[in-house]
Amino acid sequence: MEIVWKNIKFKYIFACILITFIISCLISIAPMSIDECKCEVITQSNQYNHKQHNNAVKVYKKSLHRLAILVPFRDRFEELLIFAPHIKQFLDKQNIDYHIFVLNQIDRFRFNRASLINVGFLEVNKEFDYIAIHDVDLLPINDELLYSFPNKGPFHVSSPELHPRYHYSTFVGGILLIKREHFIQVNGMSNKYWGWGLEDDEFYVRLKEAGLTVIRPQNISTGTHNTFKHIHDRNHRKRDMIKCYNQREVTRKRDRQTGLNNVSYKILGTISMTIENTPLTVLNISLMCDKMITPWCECDKVTVSKDGKSKEKKKVINNKSATGL
């Protein structure tokens, strides 16, 4: 009996040990399962939040109106490398739905900023609700300057009170926002302005005659020296201010002949490119010149005499030689 009892006792103890071991194993496994479950829940939750965040960003960045930034351009690549990433960083803060179009003039004629803007508008306006006529060398640096849809009328971002150089009351150059309907209403800009200057002044007259009031930023905390950064180097990039034929006389008047409806051009190529994560589109534009209307689209071999008649430089030089001057 004693041997039998010892066997039973041994089996009992062994069974207890085995049961204890099994329970311990189950207990040790149970927390692992719980942790795994928690981790899976957390991962799913994070994925959901991430999707929510992405969707929120997309909704946040989608504005009601699309902006086409039209940048008249020729041989200003150094400025463009600065402009593109700067304007992206500036506008991304404002939740603007925009795209940059570089209007690259590649013909042999003098630079024509207004015609380039007309061409840019004709090429892109069906996809955009408003445009920004934007100089490549003028960078906004005050976040109070808004590029939102100009409901009340053309919005002159670089107003005379803020622009670093031009301060007269009728100035509308630099950066101007205008919605599609208003640009069509005034027939765009004049095509007569070859060379630098005055096309904005003529455009102001068009806006005024159409009854459109130019709106300007109000209560801006900065002034003419710290609202914009002007990156134009006058010594490196001299402005084409030559006046030949009767250009000076004609371009001082309101142009009722040319505009959006009769700008003559060809698109010789469209290039999509990226500058420091800034997508933009380059339109290679060849403008046409009717020399019966604007012979001053080329002034290289022409000068102007006191009586206003044009003469070739070669002839002027020969005359000076003949008179001993």
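Our subject is the structure listed above.
A few points on the structure.

Cut-offs and rules
Residues numbered from 1 in each chain as written. Predicted model: local features only at pLDDT ≥ 70, side-chain atom pairs only at ≥ 80, totals over all residues. Heavy atoms only, no water. Salt bridge = Lys/Arg side-chain N within 4 Å of Asp/Glu carboxyl O. Helix = DSSP H or I, 4+ residues; strand = E, 2+ residues; numbered from the N terminus. Buried < 20%, exposed > 50% of the residue type's maximum accessible area, 1.4 Å probe, protein only. Expected span 1.5 Å × (residues − 1). Contact = heavy atoms within 4.5 Å.

1. Details of the pattern of salt bridges
Within this structure, the stated rule accounts for 20 salt bridges. Linking Glu-209 and Arg-254 is a salt bridge whose minimum nitrogen-to-oxygen distance equals 3.2 Å. Of this pair, Glu-209 sits in helix H5 (residues 199-209) while Arg-254 sits in the loop between helix H6 (247-250) and strand S8 (265-275), and the two are 45 residues apart along the sequence. Across the pair Arg-256 and Glu-209 runs a salt bridge, and its minimum N-O distance is 2.8 Å. Linking Arg-256 in the loop between H6 and S8 with Glu-209 in helix H5, this pair joins segments that are 47 residues apart in sequence. Residue classification places Arg-256 among the exposed residues on the basis of a relative accessible area of 61%. Judged by its relative accessible area of 44%, Glu-209 falls in the partly exposed class. Taken together, the salt bridges that share partners define one network made up of Lys-192, Glu-202, Arg-206, Glu-209, Arg-254, Asp-255 and Arg-256.

2. Considering helix H3 (residues 113-124)
Under the 1.5 Å per step criterion, the end-to-end length of H3 is 17 Å for 12 residues, consistent within 8% with the ideal 16 Å. When we look at burial in H3, the residues that qualify are Arg-113, Ala-114, Ser-115, Leu-116, Ile-117, Asn-118, Val-119, Gly-120, Phe-121 and Val-124.

3. What to know about the side chain of Asn-284
Positionally, Asn-284 belongs in strand S9 (residues 278-287). With a relative accessible area of 15%, Asn-284 lands in the buried category. Setting aside chain neighbours within four positions, we find Asn-284 in contact with Asn-104, Ile-106, Lys-266, Ile-267, Leu-268, Gly-269 and Ile-271.

Everything listed here is a matter of coordinates, which is why it stays silent on function.
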